[in-house]
Amino acid sequence: MLTPMKILVVEDDPSISGPLRDGLVREGFEVQVAGTGAAALAAPPVDLVLLDLGLPDLEGRVVCQELRARGPVPIIVVSARGDEIDRVVLLELGADDYVVKPFGFRELVARIRAVARRTSTPDRREPEAEVSAGPLKVDRRTRSVALDGDEVSLTPKEFDLLVFLAVDAGAVRSRDEIIREVWDEHWWGSTKTLDVHVASLRRKLRPDIIETVRSVGYRLVVLDTDPR
Ligand code: CA
């Protein structure tokens, strides 16, 4: 028996969180509801967070950032139609996906499963758990990354992107291919998303670790080991 996936629903409106909780429980998830940002931050660890941005006490984006700072839990942000949301900022805050109210329940469940699939720890017997390219070491089993022996903290999406590029280091991967493999058909598909993630990987690792191949895509550069 698989352990049910635990989802934290952060939503202040009980007329939304109630039916949502019941529906998700019917889908086999274990669900906790937090009606405020403070309650969300006080909740025990879960496998995925569904985060409404319009909360009575704290800014949803602050809650998102705080949850992200604590660890790699996948976060799907929910926002009301017409909210002024800077999607790029949301991604920088560490959200993994985004839905706009009113959303269909089926669509939401598909998104949850897609995010869970993309961010799940692979099978422990996976022979290629460790990927390395020069001074870069990626462990898919523990989802950890080190450059020149120094651990680097990445968001789940940054990690997935890095793994995708690192398994075939040096090879050029097209933008379409990256979007399709690292995000998926449910993603709202702004190609800016990809550039934002590449920029943040360069910032967190090294500026020259990902090379832009003009009008095609990106490739991971096998760096020389830092001589320091
Ligand atoms: Ca709300």
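Bear in mind that the values here come from a model prediction, so they are computed numbers and not experimental data.

**Some details on the overall build of the protein chain**
Next up, step 1: On a plain count of helices and strands, the protein chain comes out with 8 helices and 12 strands.
Next up, step 2: Sequence-distant contacts in the protein chain: of pairs separated by 6 or more residues, those separated by 24 or more amount to 55%.

**Let's talk about the coordination of the calcium ion**
By definition of the ideal shapes, four donors in a tetrahedron about a metal sit 109.5 degrees apart, and six donors in an octahedron sit 90 or 180 degrees apart.
Next up, step 1: Bound to the calcium ion are the protein donor atoms Asp 12 (OD), Asp 52 (OD) and Gly 54 (O), situated 2.2 to 2.4 Å from the metal.
Next up, step 2: Mapped onto the sequence, the residues coordinating the calcium ion show the spacing D-x39-D-x1-G. With Asp 12 in the loop between strand E1 (6-10) and helix H1 (14-26) and Gly 54 in the loop between strand E3 (48-52) and helix H3 (60-70), this residue pair connects regions lying 42 residues apart in the sequence.
Next up, step 3: Taking the relative accessible area as the measure of exposure, Asp 12 reaches 32% and is therefore partly exposed.

**Concerning the packing of helix H6 (residues 156-166) against helix H7 (residues 175-182)**
Helix-helix packing: each pair is described by the crossing angle between the helix axes and the interaxial distance.
Next up, step 1: Look at H6 against H7: their axes get within 10 Å of each other, and the N-to-C directions meet at 125°. Comparing their axes, H7 and H6 come out oblique. Read as a crossing pair, H6 and H7 show a hand that is right-handed. Here Lys 157, Asp 160, Leu 161, Phe 164 and Leu 165 of H6 come into contact with H7, specifically with Glu 177, Ile 178, Glu 181 and Val 182.
Next up, step 2: Taken together, the residues of the contact of H6 with H7 break down into 5 nonpolar, no polar and 4 charged.

**Overview of empty space enclosed by the protein**
The method is simple in principle: a probe with the dimensions of a water molecule rolls over the atoms, and the space it marks as empty is what remains.
Next up, step 1: All chains considered together, the criterion is met by 1 cavity of 30 Å³ or more.
Next up, step 2: Its boundaries defined by the atoms lining it, the largest cavity holds a volume of some 50 Å³.
Next up, step 3: Taken together, the elements giving at least two residues each to the lining of the largest cavity come down to E1, H1 and E3.
Next up, step 4: Of the residues forming the lining of the largest cavity, the biggest block, 3 residues, is contributed by E3.
Next up, step 5: Here the lining of the largest cavity is built from residues that sort into 8 nonpolar, no polar and 3 charged.

**Some thoughts on the environment of Thr 155**
Next up, step 1: The residue Thr 155 is located in the loop between strand E9 (150-152) and H6 in this model.
Next up, step 2: For the pair formed by Thr 155 and Gly 71, sequence separation is 84 residues and the distance between their alpha carbons is 8.4 Å.

**Describing the sheet that holds strand E2 (residues 30-34)**
Next up, step 1: Here we have 5 strands laid out as an open sheet, ordered E2-E1-E3-E4-E5, and parallel in their pairing. Edge positions in the sheet fall to E2 and strand E5 (97-101), since each has one partner strand and no second. Strand-to-strand twist of the sheet, defined as the mean angle between neighbouring strand axes without regard to direction, takes the value 20°.
Next up, step 2: The sheet contact formed by strand E4 (residues 75-80) and E5 spans 5 bridges and is parallel. Along E5, the bridge assignment pairs Val 78 with Val 99.
Next up, step 3: Each of E1, E3, E4 and E5 is contacted by helix H5 (residues 105-119), which is oriented at about 170° to E5, the strand it contacts most.

**A few points about the sheet that holds E9**
Next up, step 1: The strand order E6-E7-E8-E9 describes an open sheet built from 4 strands, whose pairing is antiparallel. Two strands in the sheet have a free side with no partner beyond their single neighbour: strand E6 (130-133) and E9. Adjacent strand axes in the sheet meet at a mean angle of 25°, parallel and antiparallel pairs treated alike.
Next up, step 2: Pairing analysis gives 4 bridges linking E6 to strand E7 (residues 136-139), with the strands arranged antiparallel. What sits directly across from Glu 130, in E7, is Asp 139.

How each quantity is defined
For every chain, the first residue of the written sequence is number 1, and numbering continues from 1 onward in sequence order. Restriction of local features to residues with pLDDT of at least 70 applies here, the model being predicted, together with a cutoff of 80 or more for giving and counting side-chain atom pairs; totals for whole chains, interfaces and linings are based on all residues. The basis for the side-chain values is all heavy atoms of the structure; hydrogens and waters are excluded. What counts as a helix is a DSSP run of H or I of at least four residues, what counts as a strand is a run of E of at least two, and both are numbered from the N terminus. Throughout, a residue-residue contact means that at least one pair of heavy atoms, one from each residue, lies within 4.5 Å. Excluding water, the donors of a metal are its N, O and S neighbours within 2.8 Å, or within 3.2 Å for Na, K and Ca, and that exclusion means sites may look incomplete. Burial classification: accessible surface area is computed with a 1.4 Å probe over protein chains only, and a residue below 20% of its type maximum counts as buried, one above 50% as exposed, and the rest as partly exposed. Simply put, an axis is a line fit to the C-alpha atoms, just over the touching stretch for a helix, and the angle between two N-to-C directions goes from 0 to 180 degrees. For classification purposes, angles smaller than 35 degrees are called roughly parallel, those larger than 145 roughly antiparallel, those between 65 and 115 roughly perpendicular, and all remaining angles oblique. When the near helix sits turned anticlockwise from the far one by under a right angle, the crossing is termed left-handed; a clockwise turn instead gives a right-handed crossing. Nonpolar residues are Ala, Val, Leu, Ile, Met, Phe, Trp, Tyr, Cys and Pro. Charged residues are Asp, Glu, Lys and Arg, and all others, Gly as well, are polar. Using a 1 Å grid laid over the protein atoms alone, points where a 1.4 Å probe fits but cannot get out form a cavity; open sets with protein on both sides within 12 Å along at least 5 of 7 lines form a pocket; any residue with an atom within 4 Å of a point counts as lining. Grid points are joined across faces, edges and corners, and a volume is the space filled by probe spheres set on the points. Only when DSSP finds a minimum of two bridges between them are two strands counted as paired.

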